[in-house]
Amino acid sequence: MTRKIIIDTDPGQDDAVAILLALASPEDVDVLGITAVAGNVPLPLTERNARIVCELAGRPETKVFAGCDAPMKAKLVTAEHVHGKTGLDGPQLADPTMPLQDQHAVDFIIETLRTEPEGTVTLCPLGPLTNIATAMERAPDIIPCIQEIVLMGGAYFEVGNITPSAEFNIYVDPEAADIVFKSGVPIVVMPLDVTHKALTTAPHVQGFRDMGTEPGRMVAEWTDFFERFDKEKYGSAGAPLHDPCVIAYLIKPALFSGRHVNVEIELDGTFTRGMTVADWWRVSGREANAMFMGDVDADGFFGLLTERIARL
Ligand code: RIB
Ligand code: CA
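The rules we used
Residues numbered from 1 in each chain as written. Chains lettered and ligands numbered in written order. Predicted model: local features only at pLDDT ≥ 70, side-chain atom pairs only at ≥ 80, totals over all residues. Heavy atoms only, no water. Buried < 20%, exposed > 50% of the residue type's maximum accessible area, 1.4 Å probe, protein only. Helix = DSSP H or I, 4+ residues; strand = E, 2+ residues; numbered from the N terminus. Pairing = 2+ DSSP bridges. Right-handed = clockwise from strand over helix to strand, strands pointing away. Contact = heavy atoms within 4.5 Å. Core = buried A, V, L, I, M, F, W, Y, C linked by side-chain atoms within 4.5 Å. Donors = N, O, S within 2.8 Å, 3.2 Å for Na, K, Ca; no water. Axes fitted to C-alpha atoms, helices over the stretch in contact; angles between N-to-C directions. Salt bridge = Lys/Arg side-chain N within 4 Å of Asp/Glu carboxyl O. Near = heavy atom within 4 Å. Polar contact = N/O pair within 3.5 Å; in protein donor to acceptor, adjacent residues only side chain to side chain. Areas by Shrake-Rupley, 256 points an atom, 1.4 Å probe, with all protein chains shown as cover. Nonpolar A, V, L, I, M, F, W, Y, C, P; charged D, E, K, R; others polar.

(A) Structural view of the pairing of strand β5 (residues 146-152). The element β5 is largely enclosed, with a buried count of six among its seven residues. Where strand β4 (residues 121-125) and β5 come together, three bridges link them in parallel fashion. The residue bridging L123 from the neighbouring strand is I149, located in β5. On the question of chirality, the crossover connecting β4 to the parallel β5 by way of helix α5 (residues 130-138) is right-handed. Pairing geometry for β5 and strand β6 (residues 187-190), over four bridges, is parallel. Looking at β6, one finds that L151 is bridged to V189.

Below you can see the structure in the form of structure tokens.
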């Protein structure tokens, strides 16, 4: 059953792979639009990068929108140290030629949820939650219209990657994350606990390169660039492919396992602002509000990813 989705993203090499996976899987996901948000790099770059990836996928007709250029309250924090100055460092990339939509991403999200039949659109945030929360605040009537939110963000056992306690997407805009996690919309969370098990080891990267296609070559070059940071920091065997976990879940949910628990966003902690306080052991008595994933079949994940990217 094809799911209608909006991908909200801050490309980022891993976002790029997630977008390729979605556009390569039309029998599973119908991408109604891609909304860019400031995150890994500033908005002018994330919207440019989203268009580059759509053209690489051979889908220049995809509608790409620019959204919020700064968090709701916090000052923008970016991650050039991980993704490079352009956000898609690794290969040399030409500027996109496909157009950016004139409509603001938040207005597109609101209009789409008001137009499509209720409960038929899934939101897939891959970056800070600024666009999603802004849409919810501006138009609360859309909240019951959202089928599900499947997002990459947060961490529990894996703790933080931008601070000792917070994961980047949540840390950049904790106020936005708090609005989303309190919205009552069914949420599936792909935290670092899962994404750090989806590592682009050398054989996987070689598999992308061996495809002999431009998308395969790009994915190999992006992961080569992207993994240098994580390998040095964690001594891991490769880079965690965070954002593609969201799309892989839509295609093959059985690849993932987790628990339906309460997740609160820390807003005030001196050292813990932006932390996803997941009640994994259900000790708080607080109502469960998210399916918090804890494990992934990494071989199955990369098998799916390789099979689909090879289609492009
Ligand atoms: O912490 C990882 C997340 O932050 C990923 O979505 C990556 O693209 C960055 O946005
Ligand atoms: Ca991202």
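Read on, since the account is not over.
(B) Summary view of the environment of V150. Summarising the element assignment, V150 is placed in strand β5. Residue classification places V150 among the buried residues on the basis of a relative accessible area of 0%. When the C-alpha positions of V150 and R308 are compared, they lie 20 Å apart, and in sequence the two are 158 residues distant. Contacts of V150, omitting those with residues within four sequence positions, involve T122, L123, C124, P125, V188, V246, Y249 and L250.

(C) Expanded view of the nonpolar core. Formed by 56 residues in total, the largest nonpolar core has its most connected members in I7, M190, I247, F256, F301 and L305. It is helix α1 (residues 13-23) that contributes the most residues to this core, eight residues altogether. Once residues lying within four places of it in the same chain are set aside, the contact partners of L305 are V17, L21, F208, L241 and P244. Judged by nonpolar contacts, the second largest core, of 38 residues, contains L32, V189, V263 and A278.

(D) Spotlight on the pairing of strand β10 (residues 290-296). The buried count for β10 comes to five of seven residues, which makes it a mostly enclosed element. For β6 and β10, the ladder comprises two bridges, and the chain directions are parallel. Across the sheet, V188 pairs through a bridge with M291, a residue of β10. In the sheet, strand β7 (residues 256-261) pairs with β10 via six bridges, with the strands oriented antiparallel. From the neighbouring strand, S257 faces β10, where its bridge partner is D295.

(E) Representation of the coordination of the calcium ion (ligand 2). In the first shell of the calcium ion (ligand 2), the protein supplies D10 (OD), D15 (OD), D15 (OD), L126 (O) and D243 (OD), at 2.3 to 2.5 Å from the metal. Look at where the donors of the calcium ion (ligand 2) fall in the sequence and you get D-x4-D-x110-L-x116-D. Highlighted residues: D10 in the loop between β1 (3-9) and α1 and D243 in the loop between α10 (214-234) and α11 (244-251), separated in sequence by 233 residues.

(F) Structural detail: the sheet that holds β6. Here we have eight strands laid out as an open sheet, ordered β3-β2-β1-β4-β5-β6-β10-β7, and mixed in their pairing. At either end of the open sheet lies a strand with only one pairing partner, and these are β3 (64-66) and β7. Neighbour-to-neighbour, the strand axes of this sheet turn through a mean angle of 25°, independent of strand direction. Packed onto the sheet, helix α7 (residues 174-181) meets β5, β6 and β10 and runs at close to 135° relative to β6.

(G) Inspection of the pattern of salt bridges at higher detail. Under the defined criterion, the tally for this structure stands at 21 salt bridges. Across the pair E116 and K4 runs a salt bridge, and its minimum N-O distance is 2.6 Å. Remark: K4 occurs in strand β1 and E116 occurs in the loop between α4 (105-115) and β4; sequence separation between them is 112 residues. Among the salt bridges present, the one from E47 reaches R51, with a minimum N-O distance of 3.0 Å. Residue E47 and its partner R51 are located together in helix α2 (residues 43-56), separated by four residues, close to a single helical turn. Pair check on accessibility: E47 and R51 agree, each one buried.

(H) Focus on the site of ligand 1. Near ligand 1, the surroundings consist of D10, D14, D15, N40, L126, M152, N161, E167, F168, N169, H242 and D243. E167 is positioned such that a nitrogen or oxygen atom in its side chain is 2.5 Å from an oxygen atom of ligand 1. Isolated, ligand 1 exposes 280 Å² of accessible area, and the fraction of that covered by the protein chains is 97%. Breaking the shell around ligand 1 down by element, the ones donating at least two residues are α1 and α6 (168-172). The residue inventory of the shell around ligand 1, partitioned by class, reads three nonpolar, four polar and five charged.

(I) Looking closely at the environment of P144. With respect to the element layout, P144 can be found in the loop between α5 and β5. As for P144 and G184, which are separated by 40 residues in sequence, their C-alpha atoms are 8.4 Å apart.

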